[in-house]
Amino acid sequence: MSDPSSSPPPGQKPALKSTQSRFQVDPVAEAAAAAAAASGAPRTPPRARSSSAGRTSEGTAGGEEAKGRFRVVNFLDPSGGPADGGSDAAFNGDTVRSEASLHSSTGGLSHFSDTHSSTYYLRTFGHNTIDAVPNIDFYRQTEAPLGEKLIRPSLSELHDELDKEPFDDGIANGEEPAAAEEAAAKVVPESKGGTVKFGWIKGVLVRCMLNIWGVMLFIRMSWIVGQAGIALSCAIILMAVLVTTITGLSTSAIATNGFVRGGGAYYLISRSLGPEFGGSIGLIFAFANAVAVAMYVVGFAETVVELLDSVDALMTDEINDIRIVGTLTIILLLGISVAGMEWEAKAQIVLLVILLAAIFNYFIGSFIPMKSKEPMGFFGYNVAIMMENMGPDFRDEETFFSVFAIFFPAATGILAGANISGDLSDPQLAIPKGTLLAILITGIVYVAVAVSNGSCILRDATGDDNDTIIGSLENCTDAACTLGYDFSICKEGGCKYGLQNDFQVMSLVSAFGPLITAGIFSATLSSALASLVSAPKVFQALCKDNIYPGLRIFAKGYGKNNEPLRGYVLTFFIGLAFILIAELNIIAPIISNFFLASYALINFSVFHASLANSPGWRPSFKYYNKWVSLAGAVLCCVVMFVINWWAALLTNVIVLALYIYVSYKKPDVNWGSSTQALMYNQALSHCLHLTGVEDHIKNFRPQCLVMIGYPNARPALLHLVHAFTKNVGLMICGHVRMGSRRPNHKEMMNDQVRYQRWLLKKQFKAFYTPVFAEDLRQGAQYLLQAAGLGRLKPNTLVFGFKNNWQDGEMRDVETYINTIHDAFDLQHGVVIIRLKEGLDISHIQGQDEFLSSYEKAPGMKELLVAINIGKDTDNDSLKPSSKTTSGQSSPLIIRDTKSPSVQLSTADEKLLAASQQFKKKQCKGTIDVWWLFDDGGLTLLIPYLLTNKKKWEDCKIRVFIGGKINRIDHDRRAMAALLSKFRIDFSDINVLGDINIKPKKHNKEKFEEMIEPYRLREEDMEQEAAERLKAEEPWRITDNELELYKAKTNRQIRLNELLKEHSSTANLIVMSMPLARKGTVSSALYMCWLETLSKDLPPILLVRGNHQSVLTFYS
């Protein structure tokens, strides 16, 4: 073990043979257990990490590198059992063993403490690296109800120099959060035991059916058929079903775009469109539900009072009896609601049974014609009646739209299930399934009732047995006449029976009349109960988000189900107030318009989110279309004005006023809404607004700084990066212009105009940004720090692999590798693209088609940019390879298009062909994603974005992960579950259990031959000479370094073997890029790793994100 006391004092030169040579990497003390092991103490066997809150380090004390490495916030082991404790030991520069064992006094292999293997989520594929494998818990929110958040090792912890403090993320490195802090973080009441959660039938289907089957079914459907006829009645029903179906599809799309919590329509709208629309619609939606309670209760009370009146049993007068019965009813409903969701659900089931019995009772009765019912217009099913009732017969100034306005409120119950989303066991499954099935069933029943009414009941009947026709029926013109009755007197008015006159005609038709009355009671009470539950739930969610600070008092929940008792009381008083007013004819159209406004915004949310094209918008429910959703939103607005134009205007004014208020208040919330995503694609004038909005995981986009040189110099690099950034993220083509001559800024500005024009002409959505610098590293630093504006800044550095690094100067390799280190230091992701043919075509004549006189900047003269860059003939170097000779022209020369073509070499022909391979549509094949280490998800997001493009849509994603041989099936299922959560399609998952098998001997020999010219060989020279040479050539590989990272070296060799075995036919390979510590791994060794890993393969992307999540499964 490395120990401060064993290090030589400053200024004293240690012996070269000592293991404390200055060329040896000086690792940190990983753990006290390692020290104990080195001194002969028995090794502590690795074991699974416990999910207990009082977890310990299992006998280990954190060292420098262990500081802050892994933190768990409220972690719960989802497996419920210990993980496999086995871990294969191997030399590795990132492991405990390699950084401790080589410091034993014997110089040989010593015992070591396998500290990492006792960490729950570090079960990697046979070596206990501190680099974490992909894990669903990394993507959880702190307050997640379904599991606890795990913090992956930060990029700084993996990449920074060992003597440097890792990047501080808010909790001191290596410190566990205090018990009080952990308790404060547990804000999710669902963690309490005994909560009641409903499935899709009990929670959504039953509620929606009860709400949609209102009193309209029994006391208005027959009147609608009488007015509009069978055909137009079906059209009215289908129009209403069309609006509700589109809204149901939109609701399903939003509900399946991540986990849905309580709040129903408010939650769906606010998380999609932001707090402005969500806050305004949430308030009026909750109010509409509260007043709807009064509407339904008064409907119930009116029916009861009519029954009392029929037996002459009124208590006072009719209107006061309605108030009395209504008050008693709402008190009873409040008691059921306060008793808990379980009791309320049981009550709903009972009411549904009664309602279904009433519906079946009607249909059974319609097949049993009775002579006594004929004078009242019921004759059973008859073709003559059906044909007579097929067309409309509008009376009393009614029109198609006025009848539609009367019917449509019956269809406004489709959000009854979504409104209790917090009480559903699986909202993502329950809301789409239950809502759409309820719309289908209720729609069919409404149509069936309409057809049945019109086929067996006359429009008018007197009810008098004496109105029969005696004699010939040959001259009959109406159905009643053909059936032997003369109801012609009804044309003068005054008849009490038939579809047009008797609202209770369904009781007449039914087999048992009182059951229809029970059905009316059931329909009104169930709708009232659903609204009484919905209003407080929605209002509580609104208050929890603190959109309106004065309403925060109603956010508090009680009991195991977090019941909003205060909301229940408030809803009770609002409902009671409107019951006592008892004048609901004016308020009813406003309530219908409030519901329609909610539906319109739900539809608009889906359109808006789809239009924003955010990678975070990945609904599991695929049967939606943004234009259909937009049409649904427009339809809802039209229906609002059809029902009542002044109520529609009032609704819009209220929504607008609340929107302006919330916008002015600017609530401190960030939900990753589609409004933010759409702002990203708009003009620079919105940048100022965007700077005040924090980034959200859902809206993460790969914003790439592509070190491409001249944009046409590396077409393959340009086309590939553009494929996954087009319409999704920012792309900046960075160009570092180097040279000993004096910088010509005017020339650079002119070039910037020309190349930006070329990008636009070629339809590349990218920006060209050149800078002058001494070398590539300095230029990259300038661009990484200064490129972009506000949120429109690069977060990923992309460049080509330096194919001919072995032929050039090693100083260029040092610069290349240090550029990677700088990107990581600035918390950027890095993507390196390698084609075996190369990337740079700038040396080939005839490829510069963009610098014609047509594209010249005004007043520009022909330019020949010749930048002398020494011995650089690198095809894929990031430097502009623009040496010009008499036989070779630069891409920057404006040439005569009539110049004779030059015969290309075979290598150049292959290079040109390879440079265009990403421009054309890709043939059927695979994108192989080797997601070996969790970098936040960038390695997975890039292939997903590629497959969304038409050119790559025929390519399927195959995922390769590391694992252990004895748990391959477990690892495959875990990865499949994670990808399913992310809504990312894949064709196959391969778990590689043989990564740590020793590579083939001849491949190891090739690697040793490759590194031979770059070794320091300090053992064969004097210490002073070795130190001087190392200082002059810091890229050289020391013997100690080579031994220390022997395992990591073998891994790169082995991975290349596996890549050739599994992915040799892939269209594209995307692979986790290995990391190298600054000051620990020399540039030559790191370059050899990258070369070994990626050589002789199809096009490969080496990807390493910045270890911040870029994927999420939350809505």
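If you're wondering where the values come from, they're calculated on a predicted model, not measured in any experiment.

Within this structure, the stated rule accounts for 22 salt bridges. In this structure, Arg777 engages Asp822 in a salt bridge whose closest nitrogen and oxygen atoms are separated by 2.7 Å. Within this pair, whereas Arg777 is found in helix α26 (residues 776-786), its partner Asp822 is found in helix α27 (residues 810-825), the two being separated by 45 residues in sequence. Notably, a salt bridge pairs Asp971 with Arg967, separated by 3.5 Å at the nearest N-O pair. With relative accessibility at 14%, the residue Arg967 sits in the buried group. One continuous salt-bridge network, built from bridges that share partners, spans Arg737, Glu747, Asp751 and Arg754.

The next thing to look at is the sheet that holds strand β10 (residues 988-992). Pairing in this open sheet of 10 strands is mixed, and the strands run β5-β4-β3-β6-β7-β12-β11-β8-β9-β10 from one edge to the other. In the strand order of this sheet, the two ends are held by β5 (767-772) and β10, each with one partner. For this sheet, the mean angle separating the axes of adjacent strands, direction not counted, is 20°. As defined by bridge partners, strand β11 (residues 1068-1072) adjoins strand β12 (residues 1100-1104) across four bridges and the pair is classed as parallel.

The next subject is the packing of helix α20 (residues 626-643) against helix α21 (residues 645-665). Here α20 crosses α21 at 130°, and the two axes come no closer than 5 Å. In terms of their interaxial angle, α20 and α21 are classed as oblique. Note on element contacts: α21 touches α20 through Trp645, Ala648, Leu649, Thr651 and Asn652, opposite Met640, Phe641 and Ile643. Across the contact of α20 with α21, the residue classes tally to six nonpolar, two polar and no charged.

Taken together, Lys726, Lys765, Lys919 and Lys951 make up a surface patch of like positive charges. Note that Lys951 resides in the loop between α29 (938-947) and β9 (955-962). Taking the relative accessible area as the measure of exposure, Lys951 reaches 37% and is therefore partly exposed.

With 139 residues, the main nonpolar core has Trp213, Phe218, Met221, Phe407 and Tyr446 as its most contacted residues. The leading source of residues in this core is helix α9 (residues 275-310), at 15 residues. Trp213 has contacts with Leu352, Leu355, Leu356, Ile359, Ile441, Thr442, Val445, Tyr446 and Ala523, leaving out every residue within four places of it along the chain. The next biggest cluster of nonpolar side chains, apart from the first, holds 68 residues, and it includes Leu776, Ala1076, Ala1084 and Leu1097.

Relative orientation of the contacting elements α9 and helix α10 (residues 318-338) amounts to 125°, with a least axis distance of 8 Å. The angle between α9 and α10 places the two elements in the oblique class. For the element pair α9 and α10, the recorded crossing hand is right-handed. Contact with α9, carried on its side by Val293, Val297, Val298, Phe300, Ala301, Glu302, Val304 and Val305, involves Glu318, Asp321, Ile322, Val325, Gly326, Thr329, Ile330 and Leu333 of α10 and no other residues of that element. Tallied by class, the residues present in the contact of α9 with α10 amount to 11 nonpolar, two polar and three charged.

Here we come to the packing of aromatic side chains. In the structure shown here, the tally under the stated rule is 28 aromatic pairs. The interplanar angle of 10° and the centroid separation of 4.5 Å between the aromatic rings of Trp930 and Phe960 together place this pair among those described as stacked. Highlighted residues: Trp930 in strand β8 (residues 925-930) and Phe960 in strand β9, separated in sequence by 30 residues. Residue Trp930 shares its accessibility class with Phe960, and that shared class is buried. Taken together, the ring pairs connect Phe287, Phe578 and Phe594 into an aromatic cluster. Sitting over the ring of Tyr558, Lys556 keeps its end group 5.2 Å from the ring centre. In this arrangement the basic side chain of Arg618 is found over the ring face of Tyr944, its NZ or CZ atom lying 5.8 Å from the centre.

Calculation notes
- Within any chain, residue numbers begin from 1 and follow the written order of that chain's sequence.
- In keeping with the predicted nature of the model, local features appear solely for residues at pLDDT of at least 70, side-chain atom pairs appear and are counted solely at 80 or more, and the whole-chain, interface and lining totals rest on all residues.
- Excluding hydrogens and water, the side-chain values take into account all heavy atoms of the structure.
- Take a side-chain nitrogen of Lys or Arg and a carboxyl oxygen of Asp or Glu: if they are within 4 Å of each other, that pair is a salt bridge.
- Helix and strand assignments follow DSSP, with helices taken as H or I runs no shorter than four residues and strands as E runs no shorter than two, numbered in order from the N terminus.
- Only protein chains enter the area calculation, which uses a 1.4 Å probe; residues under 20% of their type maximum are buried, those over 50% are exposed, and those in between are partly exposed.
- Each pair of strands is called paired provided DSSP finds at least two bridges between the two strands.
- Only the contacting stretch of a helix is used when fitting its axis, a line to C-alpha atoms as for every element, and angles between N-to-C directions run 0 to 180 degrees.
- Relative orientations are named as follows: roughly parallel for angles under 35 degrees, roughly antiparallel for angles over 145 degrees, roughly perpendicular for angles from 65 to 115 degrees, and oblique for any other angle.
- What makes two residues a contact is simply this: any of their non-hydrogen atoms within 4.5 Å.
- Think of it as three bins: nonpolar holds Ala, Val, Leu, Ile, Met, Phe, Trp, Tyr, Cys and Pro, charged holds Asp, Glu, Lys and Arg, and polar takes everything else, Gly as well.
- Patch construction takes residues with relative accessible area above 30% that form no salt bridge. Like charges are linked within 9 Å, and nonpolar side chains (Val, Leu, Ile, Met, Phe, Trp, Tyr) are linked within 5 Å.
- Note on areas: Shrake-Rupley with a 1.4 Å probe; residue coverage comes only from the protein chains shown.
- Residues counted as positive are Lys and Arg, residues counted as negative are Asp and Glu, and His and the chain ends are not counted.
- By convention, the point assigned to a charge is CZ for Arg, NZ for Lys, CD for Glu and CG for Asp.
- Within this scheme, the nonpolar core is defined by two criteria: the residues are buried Ala, Val, Leu, Ile, Met, Phe, Trp, Tyr or Cys, and they are joined through side-chain atoms within 4.5 Å.
- Crossing handedness: left-handed means the near helix sits turned counterclockwise from the far one by under a right angle, and right-handed means the same turn made clockwise.
- Note on aromatic pairs: the rings of Phe, Tyr and Trp (six-membered ring only in Trp) are paired at centre separations within 6.5 Å, and the planes decide the class, stacked below 30 degrees, edge-to-face beyond 60, tilted for the rest.
- Remark: a charge is flagged as sitting over a ring if the NZ atom of Lys or the CZ atom of Arg is within 6 Å of the ring centre and within 35 degrees of the ring normal.

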